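So the chains spell out like this:
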Amino acid sequence: MDAAGEAPVGTGPGEESPEMDLSHRFSKRELTLLYEEVLYTILYRLGKPEHNHVGDAEELYAYVQKAFGMDPEEHSVIMQQVKELESPIFCLKATVKEAKGILGKDVSGFSDPYCLLGIESKSQELAHLENKKRQKAVVKDLIPEDQIHRTQVINQTLSPVWDETFILEFEDVETASFHLDMWDSDVVESVRHKLGELTDLHGLKRIFKDARKDKGQDDFLGNVVLRLKDLHCWDDQWHLLEPRTETYPNRGQCHLQFLLTHKKAPQGSHSLDTALALPLSTERTTMSSRTQPSYTVHRHLLQQLVSYEILQHQAGSTAWDGELSKHAITVLYLHATQKDLSDFHQVMAQWLAYSKLYQSLEFNSSCLLHQITSIEYQWVQERLRPEQKAELAESFQSLLTYGISLIRRYRIIFPLSVPRSTDRLQSLLRVLVQMCKMKAFRELCTLSLDLPEMVSEALKSGTTEWFHMKKQHLKPMMKSMEENGKALAKLLVEVIGDLQQCNKIWNKFFISTLKLNVFSIAYLELESLVAEHVQEQLSEIDSSMSKPTAESLFQLYMSLQELYRMKDFLPNRDRPLALSDFHQWFKEAVPQWLQKAYTIALERTQRAVQMDQLMPFGEHNKHSTSTVDLSTCYAQIVKTWQQLNWPDPEEAFMIMVKLVEDMCKIAMMYCRLVKTRAEELSLREQNEGDAANRLCIVVNNIKQLRLLILKLPSQLDWAHLEQRTGAVINPEQIQHTLHNQLDSTISCLDHEIRDVVQALAVKLEGGIARHIQELSASHDTQEPEDSIMPLMKFLESELQYLNEHLVQENFKSLLGLLWHHTLDVLSAAAQQQVPSAQRYKKLHCALKSLELCFYAEGCGLPLETLHTAAFLSLETHLALCSATSRKLIQKYFSNRIQQQARGSLLPPNAR
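Residues numbered from 1 in each chain as written. Predicted model: local features only at pLDDT ≥ 70, side-chain atom pairs only at ≥ 80, totals over all residues. Heavy atoms only, no water.

**Overview of the overall build of the protein chain**
Argument step 1. A tally of regular secondary structure across the protein chain gives 35 helices and eight strands.
Argument step 2. By the burial criterion, 48% of the 911 residues in the protein chain qualify as buried.
Argument step 3. A separation threshold of at least 6 residues defines the contact pool for the protein chain, and within that pool the share at least 24 residues apart is 79%.
Argument step 4. Of the roughly 45,600 Å² that the protein chain leaves accessible, carbon and sulfur atoms contribute 52%. (Helix = DSSP H or I, 4+ residues; strand = E, 2+ residues; numbered from the N terminus. Buried < 20%, exposed > 50% of the residue type's maximum accessible area, 1.4 Å probe, protein only. Contact = heavy atoms within 4.5 Å. Areas by Shrake-Rupley, 256 points an atom, 1.4 Å probe, with all protein chains shown as cover.)

Spelled out as structure tokens, the structure:
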């Protein structure tokens, strides 16, 4: 339902408010009298139909019968009564506007034209003869002298302008004709005077011609003869002046304006112009015409027909756009012309009718703009009688009051869920703005308040009404703290949604038309109302609240925070907001919020580890699924901190300490759980290779956890927190409570990583020791290169897998442990050997091959890490033990030569 269809607040369904204007509804008697008027109008219609009008009378009768809701019997009875009424006196309201190109009859070449006009009423027989002689007869020969009208004489011109109006009565439009003769007025002048005006030879001929005719005889300039049945009800055009003879056939044109109407009643002492401006009742014998002013009757007729048109559109599920059907246009046009209503009074009747109907029926208010514009254009206050001024002023005030009431309830009257609601509200605003700018409004409604001020007050009161309505609607059945919290959160959702609509949608319409910021008005009202209501509801909360209550309060806190942030859209703010310290209302709930965030993260982490099979969850991933859940838990805790956005810096620091402590606890718990999970799975399957694989995943997971912990200062924006707390907390305290706690957790994680890598290394050390023992025990006849092949294949297989499944840092840590273990095993094997150069040679070959394996062309351990003191000592020992005597002698002398060479380079005093 549109604006007009909404019942006022406090009115029940099917009830009518006593303030509702029902002036468009008529009693049965009023409707009958109005129906009599419209039947009389159709019965005695005049003029040829316009191209967009209905010409068939029966079609018009059928239309008005539906529009007035008359059954056939009622129509027949009233129609018979109308036929028994006295018929009206038909009139032709003829206005002789001007002429151009007429003949010059005087010596000067000009004429002194005037017109004679009247109505010739012929019998039916003569009307069909159309005798040429009668057509060329002049007015004074065809029309009785007392029915002939004469214009003024316009001296010395060929383009006279009269603009004179005459009322010509006639009885039968079918047989009556309009006649107009144009003459050159001839005033007796002396020949000497005429010779003084002589300008050319033609002027001399005129003098001789004048001398032959009777003194004082006027010259015929042309005539216009029109059958009334050929005229439209309103006709305005140029007509050719016809000659009586073939001499001078081109005699110029005359501009005539016609209105076929019914004769008006005597107007007392009123002049013709005043009578036209103040239409009263005519001599029509209908009751309405005898008892009411013409424009009042016309307005009532308009109201009835427009009501019908609107209801027809509603029945067809389409909105009325202000366009009337051709039937309604025809009836209204006929009535206005028969009543001789001026354009101004027609527009005034339309305004009075439409402005009343808008207050009770559904249609777009833009239909009122045409009447506003027309009244403004034609406004002359003196043309209205006091009662008409009062009626017009009342219509302005009534529409203004009603429009303001709609604006006050615009959320309900123009809901965004209904198509074109924004267009309808914008149209209403424009109508009110244009109406209040009218000269007529300013002169008649001098006590009206400023429109923007009225609308601003309406928006404030309407916002308050809307809030209390929503609050009442969301009021919980059970008045527990938990239910109150939920209800408050829902109310805040409604408030925030409304303000978002104000800011994004409604604001542009109010700003463009009234320069009013509707968001600012609504926000300041709602912010204050919300603060008062929430404080009242939260006055009883304490630290012993239940978990559901705390959860509902957190949602409320988030909504209040969002509402408070919307203050940034205010163009200016000259007073503190009621929500400035709203966070203080929730201090008792903060510990429970933090505990809930910790509990949720803890339980999710535990479930994630229990479900983890410690297998890579992606093709290129070296972590298992539990790290994803762990990352999500940390992200949620970070989000909780961001959501809280606690304004008080000292309290915010304490909240941060609690959050960091909780996340560190979760990290250490995860390390314990994931190692335990790896042991459980290994014991269940008893597969040494799978056990090593799981340890790879465990160490990678802990490494990933370490990265998550290191990101916390950035994610929690410690730098900003330090800035905020600079005035209340020493930097040393922040270092001690936050950074040291984080560093301690990182150290613990590093220790956990080392332990797992050590356990992984232990699982591989046995295989390395076994292969070295087999190598040293192999037969001396076997070549060293062949004997070390099993060891190298074992390492290649194991290290390739570990390289693929360990992050690089952990892999290198493992290589370091294995390298030291390998050197220890080789050293032990070298000490246990019986004197055999071949066996030492095998061990030496194994050492050099292992060096290359662990170096891995620069991808493994660096040479400085490989070449430890133990490695260099073992390498020298094995090289000596595996060498032949000849090679030892060569090496001995080679070393002596090198020493001597170095000594010769020294100065004498240093040798």
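**Concerning the nonpolar core**
Generally speaking, a soluble globular protein has its nonpolar side chains buried in company with each other.
Argument step 1. Judged by nonpolar contacts, the single largest core of 250 residues is most densely connected at F68, L92, F178 and F510.
Argument step 2. If one sorts the elements of this core by residue count, helix 25 (residues 649-685) sits on top with 18 residues.
Argument step 3. Those residues in contact with F178, other than ones at most four positions away along the chain, are L92, A94, L117, G118, I119, L168, V224, V225, L226, L228, L256 and F258. (Core = buried A, V, L, I, M, F, W, Y, C linked by side-chain atoms within 4.5 Å.)

**Some thoughts on the confidence of the model for the protein chain**
Argument step 1. Here the protein chain shows a mean pLDDT of 82. Residues at 70 or above account for 84%.
Argument step 2. When the criterion is pLDDT under 50, residues 1-23 qualifies, and its contacts beyond four places in sequence or with other chains add up to 37 contacts.
Argument step 3. Scored below 50 in pLDDT, residues 124-129 makes four contacts in the model with residues more than four places away or belonging to other chains. (pLDDT = per-residue confidence, 0-100.)

**Describing the side chain of N517**
Argument step 1. Relative to the helices and strands, N517 is located in the loop between helix 20 (481-514) and helix 21 (518-538).
Argument step 2. Among the polar contacts listed, one links the side chain of N517 to the side chain of N507, at a separation of 3.3 Å.
Argument step 3. Residues contacting N517, with those up to four places away along its chain left out, are N507, I511 and P571. (Polar contact = N/O pair within 3.5 Å; in protein donor to acceptor, adjacent residues only side chain to side chain.)

**Focus: the environment of M438**
Argument step 1. Mapped onto the secondary structure, M438 falls in the loop between helix 17 (421-437) and helix 18 (439-444).
Argument step 2. With 62 residues separating them along the chain, M438 and E376 place their C-alpha atoms 5.8 Å apart.
Argument step 3. In contact with M438, other than residues within four places in its own chain, are I372, I375, E376 and F396.

**Focus on empty space enclosed by the protein**
Argument step 1. In this structure the tally under the stated criterion is two cavities of 30 Å³ or more.
Argument step 2. Taken as a whole, the second largest cavity spans an internal volume of roughly 30 Å³.
Argument step 3. As for the second largest cavity, its lining consists of R45, L46, G47, K48, P49, E50, H53, C233, Y333 and L334.
Argument step 4. Within the lining of the second largest cavity, the residues separate by chemical class into five nonpolar, two polar and three charged. (1 Å grid on protein atoms, 1.4 Å probe; cavity = no way out; pocket = protein on both sides within 12 Å on 5 of 7 lines; lining within 4 Å. Points joined across faces, edges and corners; volume = space filled by probe spheres on them. Nonpolar A, V, L, I, M, F, W, Y, C, P; charged D, E, K, R; others polar.)

**Structural notes on the pairing of strand 1 (residues 90-100)**
Argument step 1. Among the eleven residues of strand 1, eight are classified as buried, and the element is accordingly described as predominantly covered.
Argument step 2. Note: strand 1 against strand 8 (residues 253-262), ten bridges, orientation antiparallel. Its bridge partner being in strand 8, F90 is matched across the sheet by H262. (Pairing = 2+ DSSP bridges.)

**Observations concerning unusual backbone geometry**
Trans is the prevailing form of peptide bonds, just as negative phi is the prevailing case for residues other than glycine.
Argument step 1. One non-glycine residue, L614, lies in the positive phi region at around 55°.
Argument step 2. With respect to the element layout, L614 can be found in the loop between helix 23 (590-611) and helix 24 (625-644).
Argument step 3. Accessibility expressed as a relative area gives 1% for L614, which makes it buried.
Argument step 4. Residues other than glycine seldom take positive phi values, yet N645 does so here, at roughly 45°.
Argument step 5. Among the structural elements, N645 can be located in the loop between helix 24 and helix 25.

**Some details on the pattern of salt bridges**
Argument step 1. Counting across every chain of the model gives 24 salt bridges.
Argument step 2. Ionic pairing is found between K339 and E37, a salt bridge with its closest N-O pair at 3.5 Å. Of this pair, K339 sits in the loop between helix 12 (326-338) and helix 13 (343-358) while E37 is found in helix 1 (residues 28-43), placing the two residues 302 residues apart along the sequence.
Argument step 3. What makes E37 buried here is its relative accessible area of 1%.
Argument step 4. Linking R408 and E465 is a salt bridge whose minimum nitrogen-to-oxygen distance equals 3.3 Å. In this pair, R408 is assigned in helix 15 (residues 386-408) and E465 in helix 19 (residues 451-473), connecting sequence segments 57 residues apart. (Salt bridge = Lys/Arg side-chain N within 4 Å of Asp/Glu carboxyl O.)

**Describing the sheet that holds strand 5 (residues 176-184)**
Argument step 1. Read from one edge of the open sheet, four strands run 3-2-5-6, paired in antiparallel fashion. Both edges of this open sheet fall to strand 3 (149-150) and strand 6 (219-227), since each of them pairs with a single strand only.
Argument step 2. By the bridge criterion, eight bridges tie strand 5 to strand 6 in an arrangement that is antiparallel. Its bridge partner lying in strand 6, H179 is registered against V225.

**Looking at the sheet that holds strand 8**
Argument step 1. Across the sheet, which stays open at both edges, the four strands sit in the order 4-1-8-7 with antiparallel pairing between neighbours. Bordering the open sheet on either side are strand 4 (161-170) and strand 7 (234-240), each of which pairs with just one other strand. The average undirected angle you get between the axes of adjacent strands in this sheet is 20°.
Argument step 2. Taken together, the eight bridges between strand 1 and strand 4 define a ladder with antiparallel strand orientation. (Axes fitted to C-alpha atoms, helices over the stretch in contact; angles between N-to-C directions.)

**Observations concerning the packing of aromatic side chains**
Argument step 1. Enumeration according to the criterion identifies 24 aromatic pairs in this entry.
Argument step 2. Look at Y557 and W646: their rings are 5.8 Å apart centre to centre, the planes differ by 25°, and that puts the pair in the stacked class. Within this pair, whereas Y557 is found in helix 22 (residues 547-565), its partner W646 is found in the loop between helix 24 and helix 25, the two being separated by 89 residues in sequence.
Argument step 3. Its relative accessible area of 0% is what places Y557 among the buried residues.
Argument step 4. Judged by relative accessible area, W646 falls into the buried class, the value being 3%.
Argument step 5. Feature note: the residues F554, Y557, Y564, F582, F586, W593 and W646 constitute an aromatic cluster, connected by ring pairs.
Argument step 6. Sitting above the plane of the W466 ring, R411 keeps its charged end 5.2 Å from the centroid. (Phe/Tyr/Trp six-rings, centres within 6.5 Å; stacked < 30°, edge-to-face > 60°. Lys NZ or Arg CZ within 6 Å of the ring centre and 35° of its normal.)

**Points about the packing of helix 14 (residues 368-378) against helix 17**
For any two helices packed against each other, one specifies the crossing angle of their axes together with the interaxial distance.
Argument step 1. Direction vectors running N to C along helix 14 and helix 17 enclose 10°, while the axes themselves pass 10 Å from each other. Judged on the interaxial angle alone, helix 17 and helix 14 are roughly parallel. When helix 14 is examined against helix 17, the residues L368, L369, I372 and E376 are found in contact with a partner set consisting of R430, V431, Q434, M435 and K437.
Argument step 2. Split by residue class, the contact of helix 14 with helix 17 holds five nonpolar, one polar and three charged. (Parallel < 35°, antiparallel > 145°, perpendicular 65-115°, else oblique.)

**Structural notes on the side chain of S111**
Argument step 1. Residue position: S111 is located in the loop between strand 1 and strand 2 (113-121).
Argument step 2. Taking relative accessible area as the criterion, S111 reaches 0% and is therefore assigned buried.
Argument step 3. What S111 contacts, discounting residues up to four positions off in sequence, is L103, G104, K105, D106, I154, N155, Q156, T157, L158, D184 and L221.

**Thoughts on the packing of helix 32 (residues 837-855) against helix 34 (residues 869-882)**
Argument step 1. Relative orientation of the contacting elements helix 32 and helix 34 amounts to 145°, with a least axis distance of 8 Å. Judged by the twist between their axes, the crossing of helix 32 over helix 34 is left-handed. For the pair helix 32 and helix 34, the contacting residues are A837, Y840, K841, L843, H844, L847, K848 and E851 in the first and F871, L874, E875, H877, L878, A879, C881 and S882 in the second.
Argument step 2. Among the residues making up the contact of helix 32 with helix 34, the classes are represented as nine nonpolar, three polar and four charged. (Left-handed = near helix turned anticlockwise from the far one by under 90°.)

**Comments concerning the environment of D172**
Argument step 1. Within the element layout of this structure, D172 appears in the loop between strand 4 and strand 5.
Argument step 2. Through-space distance from the C-alpha of D172 to that of S121 is 7.5 Å; in sequence the pair is 51 residues apart.
Argument step 3. A polar contact of 3.0 Å, which involves the side chain of D172, links it to the backbone nitrogen of E174.

**Side note on the environment of R25**
Argument step 1. Following the sequence through the fold, R25 ends up in the segment before helix 1.
Argument step 2. Spatially, the C-alpha atom of R25 lies 8.6 Å from that of Q303, the residues being 278 residues apart in sequence.

**Let's talk about helix 32**
Argument step 1. Counted at 1.5 Å a residue, the expected span for helix 32 with its 19 residues is 27 Å, and the 27 Å between its end C-alpha atoms agrees.
Argument step 2. Within helix 32, the full set of buried residues consists of Y840, K842, L843, C845, A846, L847, S849, L850, E851 and F854.
Argument step 3. Immediately beyond the C-terminal end of helix 32, within one or two residues, lies A856, with a positive phi of roughly 50°. (Expected span 1.5 Å × (residues − 1).)

**Re the state of the cysteines**
One way to say it: the disulfide is the covalent bond shared by the sulfur atoms of two cysteines.
Argument step 1. All told, the structure shown has zero disulfides when counted by the stated rule.
Argument step 2. Summary of cysteine pairing: C748 is not part of a disulfide, and the nearest cysteine sulfur, belonging to C671, is at 8.7 Å. (Disulfide = S-S within 2.5 Å.)

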